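One-letter residues, chain by chain:
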Amino acid sequence: MKGLFKNLFKGKKTEIYFEKDISPDKSRKIKKDINENIKILNEEYFIDCDDVIVREFQVVDASGKKHKLAVVWIDGLVDKNLIQEHVIKALMIFARNRAIFHTAENFLEQVKESLITVADLKESDNFGEAVLAVLSGDTVLLIDKAEKNLIISSRGWEKRGIQEPSTEAVIHGPKDGFTETFRVNVAQVRRRIKDPNLKVKTIRLGRHTRTDVAILFIQGIANPKIVEEFLKRLDKVDVEGILDAGYLEQYIEDSWVSPFPLFRRTERPDVATAALLEGCVVLITDNTPYALIAPVTFWSLFHSAEDYYERWQIAALIRYLRFIAIFTATSAPAFYVAFVSYHPGLLPTDLALSIGATREGVPFSATIEALIMMIALELLREAGVRLPGPIGQTIGIVGGLIIGEAAVRAGIVSPIMVIIIAVNAISSFAIPSYSVAIGFRLLTFIFLILSSIAGLYGITIGYIWLTLYLSTLKSFGANYLDPFVNLDPEKMEDLIVRFPLRYMTKRPDFTHPLDETTLNKDLISKIPSGDEDVDG
Amino acid sequence: MLMDNEKISTRQAIVFLISVAVGVGILSLPRQVDEKAGQDGWISIIIGGLFTLIGSIIVAAVVSRQKKDVVKITEDLMGKFASIVVGMFYIVYFIVMAAVVNQTFAEVANLYLLENTPKEFTIITMLLLVFYACRIGIEPTVRAIMILFPFATFLFIFIIFTCLSRAKIDEILPFFSTPVNKIFTASFESLFSLEGFELLLVLGPYLRRPEKAKKIVIIYTEIVTFFYVFITLVTFMVLGKNETKLFKWPVFMMIKGITAPGEIFERMDAISISIWVIEIFTTVVAYYFAEIQVLKSLSGLKEQRYVGGILFPLFYFITNMPKNFTENQIIAGFANYLIYPAAFIIPLLLYIISIFKKRGEES
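Quick caveat, the model's predicted, so the values are computed rather than measured. (Residues numbered from 1 in each chain as written. Chains lettered and ligands numbered in written order. Predicted model: local features only at pLDDT ≥ 70, side-chain atom pairs only at ≥ 80, totals over all residues.)

Asks: Give a detailed account of the overall build of chain A, specifying residues and quantitative values.
Replies: Across its full length, chain A carries 18 helices and twelve strands. In terms of overall size, chain A is more extended than a compact globule, its C-alpha atoms giving a radius of gyration of 31 Å where 536 residues would be expected to give roughly 24 Å. Summarising its shape, the C-alpha atoms of chain A cover approximately 105 × 70 × 60 Å along the three principal directions. Out of the 536 residues in chain A, the part that is buried amounts to 37%. Considering only contacts within chain A whose residues lie at least 6 apart along the sequence, 67% involve residues at least 24 apart. (Helix = DSSP H or I, 4+ residues; strand = E, 2+ residues; numbered from the N terminus. Rg over C-alpha atoms; globule rule 2.2 N^0.38 Å. Buried ≥ 20, exposed ≤ 12 C-beta atoms within 10 Å, placed from the backbone. Contact = placed C-beta atoms within 7 Å.)

Rendered as structure tokens:
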């Protein structure tokens with residue numbers, strides 16, 4: 001049966017790309033004659049690329065012998081000062097009449113070892129690597145008769161500095177965030193984990209964009225199976241371009257149907273570091289000011305960095321607030337509709353009467369009322385995001401105050417409905433992860449419809465369905481609803497109550513870490529009593 | 001699979017089995033035992049719990065020896081023909097149980113929750129949910145139950161606790177005022193609510209550690225018995241020993257009478273029923289799965305999705321059969337008799353034969 005369907009619908013497979021050409025083609029070697037090399041570069045690779053600059057110059061050695069050289073770079077991508085000062089000046093002025101270079105190899109060696117004063121430099125003998133280096137912002141130094149070129153790391157484009165993360169602001173805690181620059185992002189994580197076990201594997205993805213993607217994990221903690229799975233999936237990402245890590249996320253996630261993210265996004269290097277220490281794998285993508293973390297569980301999306309920086313009681317209280325926020329963000333309007341339309345008898349009499357009084361003169365049913373307000377709110381939110389900062393805020397005020405008030409005055413909605421929708425919207429923004437919050441906005445509509453069909457029963461059905469659906473999700477081998485699905489008290493230390501740090505002795509289970517313990521329990525327990533010195 | 005976390009762990013199996021047992025019984029058990037044993041009904045439940053313990057340990061012994069489902073075990077021990085007979089019996093049994101539960105649920109929902117909605121609607125939505133659950137497979141469903149069931153039960157017990165303010169202890173005093181034989185007959189009534197352990201017979205192949213089945217059933221029996229004794233005691237103390245038997249659903253009558261603490265809600269009945277829907281779902285889904293598993297083993301089919309689809313109209317039809325509560329009670333009485341062979345006699349037989357044939361023993 002299945003085979004029949006497969007045959008029926010199997011169209012002709014069209015392969016856009018026959019082979020990967022992301023990694024440089026190393027087969028084409030550099031020629032001996034520099035003029036020939038420049039010609040190849042200019043007329044084969046960089047034809048019509050007006051931003052590529054080829055600067056030819058000469059070095060005269062003590063014997064009067066002329067050595068022809070050329071530097072190739074892309075204007076705007078390189079640190080021009082570095083090229084001028086440390087490559088061209090170093091060679092043209094300081095190398096002049098300095099020694100006698102007998103052969104081209106000898107010259108190359110001298111240039112490499114004692115003339116050029118840049119930090120990062122490597123040798124290459126083919127066009128593929130050279131072209132890719134130029135495109136990535138490096139500078140290529142061609143030397144006549146050497147059959148080799150030097151790749152000088154000179155990346156220095158205009159970039160945004162490190163700023164405070166805008167969507168994950170904290171009151172206490174580090175204020176640096178990821179930026180669009182790949183190396184800076186990786187370095188920010190590396191700066192926090194000074195351990196050679198932090199491994200950074202870099203690959204390039206995207207045929208045209210050739211985006212750098214780094215896979216970060218800590219050897220000895222992260223489960224090698226997960227790392228392997230990551231590499232396997234990334235290897236299959238054969239696409240035109242990766243403009244943002246969001247592309248990558250959607251290509252390699254476990255389920256593309258899910259409205260909830262199966263990766264955790266963070267703008268904060270400290271969160272990424274914490275995830276690495278938990279045994280997760282972190283993906284840092286070029287041009288993306290956030291990192292992707294996997295495996296991830298549903299509950300870990302509700303954690304914020306500050307949960308761990310503040311005292312545990314406060315963190316626990318905030319956790320509870322977030323659980324309530326999940327609840328109201330999904331079903332506050334649905335409950336209103338259920339109570340008003342189906343079970344008014346459940347409400348306290350006074351409240352029922354006052355709701356009845358405010359709904360007097362409202363022409364629509366509670367469901368339509370809720371839908372009007374929810375759609376209006378979504379529109380306002382979308383408009384607020386699109387407009388520049390100050391105007392966006394104005395839209396918020398205009399929408400929230402004026403339209404809400406006017407709608408109530410005009411008798412289109414009841415004031416209690418406005419409260420319900422406001423609570424609903426506020427709760428969805430109280431969830432730390434934005435991508436989860438927008439998933440909940442979607443669910444609100446589904447729950448509203450269910451409740452308008454079958455009241456409280458519909459809402460319960462909705463929650464059962466949601467739990468069933470979430471329990472099918474997996475993120476790199478981790479159950480999405482872990483660790484609730486095991487009800488193991490030992491694994492609950494970071495869930496309902498964030499345990500005092502000294503009792504959080506184990507890594508979470510869902511990452512299947514190789515090393516479970518996180519701290520030396522015996523020593524830590526001696527701290528308050530102060531007899532550590534006596535014992536030691 | 002990337003990680004081996006698909007199979008059902010021991011803790012998951014415990015919660016799953018408890019979720020099967022906690023279901024319709026919540027509503028009617030106090031009335032049933034009150035009818036037969038009066039104020040000592042709760043003692044009957046404890047005795048019923050002892051019977052459950054014996055039966056469930058036998059089931060656990062069978063499962064931990066053979067590590068297969070009941071059809072395969074029978075085939076292994078007594079041959080193909082016997083396995084077909086046993087399989088057919090369990091098909092009837094599971095379908096009747098599921099139908100009774102679903103029917104009772106529709107009845108209650110119709111009475112307290114959705115007065116004007118036809119019963120067919122509640123039945124079919126519940127079956128659709130169950131159908132979805134069986135499409136995604138037993139392991140994800142068990143994981144979902146691990147969240148749904150403790151949450152629902154916690155809320156339910158919380159609601160019951162709020163009733164305690166009206167409890168009068170003298171309603172159940174003195175103990176043992178009923179003749180012992182009546183207490184014993186009432187304990188058979190309680191079996192319908194307490195059972196659920198026979199699902200272990202089909203759960204065998206999905207367990208991560210089937211050898212721990214005994215631990216599963218012992219904890220299961222303790223918690224279920226305690227839960228039902230608690231609910232019955234509270235109902236007796238709040239409603240009164242003579243009044244409990246007058247109501248069709250005494251527990252809901254009790255909940256209906258109270259106002260939520262802080263007067264957030266005027267009444268709690270609709271809310272408690274909405275929570276109770278979860279308990280019903282966990283029960284029906286377990287029987288549906290059991291049915292699929294038995295059919296799968298009998299027919300040798302692999303794809304449970306198709307089997308589940310075939311069963312859907314059948315479940316719907318049988319659930320819709322009784323036209324009113326009285327007819328439903330007749331079927332429930334019939335189901336009560338099916339429990340003895342399904343949960344006690346057949347497992348005992350299998351156990352004895354497996355000892356004689358020395359199957360499944362550790363070498």
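Asks: Describe the interface of chain B and chain A, with residues and values.
Replies: How big an interface is tends to be expressed through the accessible area that disappears when the partners come together. Tallying the contact residues gives 34 residues for chain B and 31 residues for chain A. At the level of elements, helix 1 (10-21), helix 5 (80-113), helix 6 (119-136), helix 7 (138-163) and helix 12 (269-299) of chain B are the ones that each hand at least two residues to the side of chain B that touches chain A. When the residues that make up the side of chain B that touches chain A are grouped by side-chain class, the tally is 22 nonpolar, seven polar and five charged. (Nonpolar A, V, L, I, M, F, W, Y, C, P; charged D, E, K, R; others polar.)

Asks: Go over the nonpolar core with me, naming the residues and quoting the values.
Replies: In this structure, Val-282 of chain A together with Leu-17 and Leu-200 of chain B are the most contacted members of the largest nonpolar core, which totals 217 residues. Per-element accounting of this core gives the leading share, 19 residues, to helix 12 of chain B. Looking at this core, you find at least three residues from each of domain 2 (182-308) and domain 3 (309-472) of chain A. Judged by nonpolar contacts, the second largest core, of 31 residues, contains Val-87, Ala-95, Phe-127 and Ala-130 of chain A. (Core = buried A, V, L, I, M, F, W, Y, C linked by C-beta atoms within 7 Å. Domains from an automatic or database assignment.)

Asks: Tell me what's going on with the domain arrangement of chain A, and back it up with residues and numbers.
Replies: All names here are of chain A. In terms of domain boundaries, chain A breaks down into domain 1 (34-152), domain 2 (182-308) and domain 3 (309-472). Here domain 2 and domain 3 have C-alpha centroids that lie 33 Å from each other. Contacts between the two partners involve 14 residues from domain 2 and, on the opposite side, 13 residues from domain 3. Elements that contribute at least two residues to the side of domain 2 that touches domain 3 include exactly strand 8 (264-266) and helix 10 (306-309). Taken together, the residues of the side of domain 2 that touches domain 3 break down into eight nonpolar, two polar and four charged.

Asks: Can you lay out the packing of helix 1 of chain B against helix 12 of chain B for me, pointing to particular residues and giving the numbers?
Replies: Residue and element names in this part refer to chain B. Interaxial distance between helix 1 and helix 12 falls to 7 Å at its minimum, and their mutual angle equals 105°. It follows that helix 1 is roughly perpendicular to helix 12 by the angle criterion. Taking contact as the criterion, the partners of Phe-16, Ser-19 and Val-20 in helix 1 are, on helix 12, Thr-282, Thr-283 and Ala-286. (Axes fitted to C-alpha atoms, helices over the stretch in contact; angles between N-to-C directions. Parallel < 35°, antiparallel > 145°, perpendicular 65-115°, else oblique.)

Asks: Lay out the sheet that holds strand 9 (residues 281-285) of chain A with the relevant residues and their values.
Replies: All names here are of chain A. Here five strands make up an open sheet; going across it, the order is 6-7-9-10-8 and the pairing antiparallel. Across the chains shown, the open sheet's two edge strands, defined by having one partner strand only, are strand 6 (198-205) and strand 8. Across the sheet, the axes of successive neighbouring strands diverge by a mean angle of 25°, strand direction being ignored. As paired elements, strand 7 (residues 211-218) and strand 9 share four bridges and run antiparallel to each other. Bridge pairing links Ile-215 to Leu-283 in strand 9. (Pairing = 2+ DSSP bridges.)

Asks: How would you summarise the pairing of strand 2 (residues 66-74) of chain A if you had to cite specific residues and measurements?
Replies: Residues and elements named next belong to chain A. Here nine bridges tie strand 1 (residues 52-60) to strand 2, and the two strands are oriented antiparallel to one another. By the bridge assignment, Val-54 is partnered in strand 2 with Val-72. Looking at chain direction, strand 2 and strand 4 (residues 139-143) are connected through four bridges and run antiparallel. Looking across to strand 4, one finds that Val-71 is bridged to Leu-141.

Asks: An account of the sheet that holds strand 4 of chain A is requested, with residue identities and associated values reported.
Replies: Residue and element names in this part refer to chain A. Taken in spatial order, the five strands line up as 1-2-4-5-3 in an open sheet, and their pairing is antiparallel. Where the open sheet ends on each side, the last strands, each with one partner, are strand 1 and strand 3 (121-124). When strand polarity is set aside, the average angle formed by the axes of neighbouring strands in this sheet is 25°. Lying over the sheet, helix 3 (residues 80-94) contacts strand 1, strand 2, strand 4 and strand 5 (149-152), oriented at roughly 170° with respect to strand 2.

Asks: Would you mind going over the packing of helix 1 of chain B against helix 10 (residues 213-239) of chain B in detail, with residue names and values included?
Replies: All names here are of chain B. Orientation of helix 1 relative to helix 10, taken along the N-to-C sense of each, is 40°, at an axis distance of 9 Å. Taken together, the axes of helix 1 and helix 10 lie oblique to each other. Between helix 1 and helix 10 the crossing geometry is right-handed. Across from Thr-10, Ala-13, Ile-14, Leu-17, Ile-18 and Ala-21 in helix 1, the residues of helix 10 making contact are Lys-215, Ile-216, Ile-219, Tyr-220, Ile-223 and Val-224. Considering only residue class, the contact of helix 1 with helix 10 consists of ten nonpolar, one polar and one charged. (Left-handed = near helix turned anticlockwise from the far one by under 90°.)

Asks: Which residues make up unusual backbone geometry, and what values do they have?
Replies: Outside of glycine, negative phi angles account for most residues, and trans bonds account for most peptide bonds. All names here are of chain A. In this structure, Pro-295 follows Ala-294 across a cis peptide bond, with omega equal to -5°. As for its placement among the helices and strands, Pro-295 is situated in the loop between strand 10 (291-294) and helix 10. One non-glycine residue with positive phi stands out, namely Asn-287, at about 70°. Along the chain, Asn-287 turns up in the loop between strand 9 and strand 10. Positive phi outside glycine occurs at His-512, with the angle close to 50°. Classification of His-512 by C-beta neighbours within 10 Å gives buried; the count is 22.

Asks: Provide a residue-level description of the confidence of the model for chain A, including the pertinent values.
Replies: Summary statistics for chain A give a mean pLDDT of 84 and a share of 94% for residues scoring 70 or more. The least confident element of chain A is helix 1 (residues 2-9) of chain A, whose mean pLDDT is 50; the most confident is strand 9 of chain A, at 94. (pLDDT = per-residue confidence, 0-100.)

Asks: Mind laying out the confidence of the model for chain B, listing which residues take part and the relevant values?
Replies: Residues and elements named next belong to chain B. A residue-level look at chain B finds 97% of positions with pLDDT of 70 or above and a mean pLDDT of 86. Of all helices and strands in chain B, the one with the weakest mean pLDDT is helix 13 (residues 304-319) (82), whereas helix 10 scores best (91). For this predicted complex, the interface confidence reaches an ipTM of 0.93, while the overall pTM sits at 0.89.

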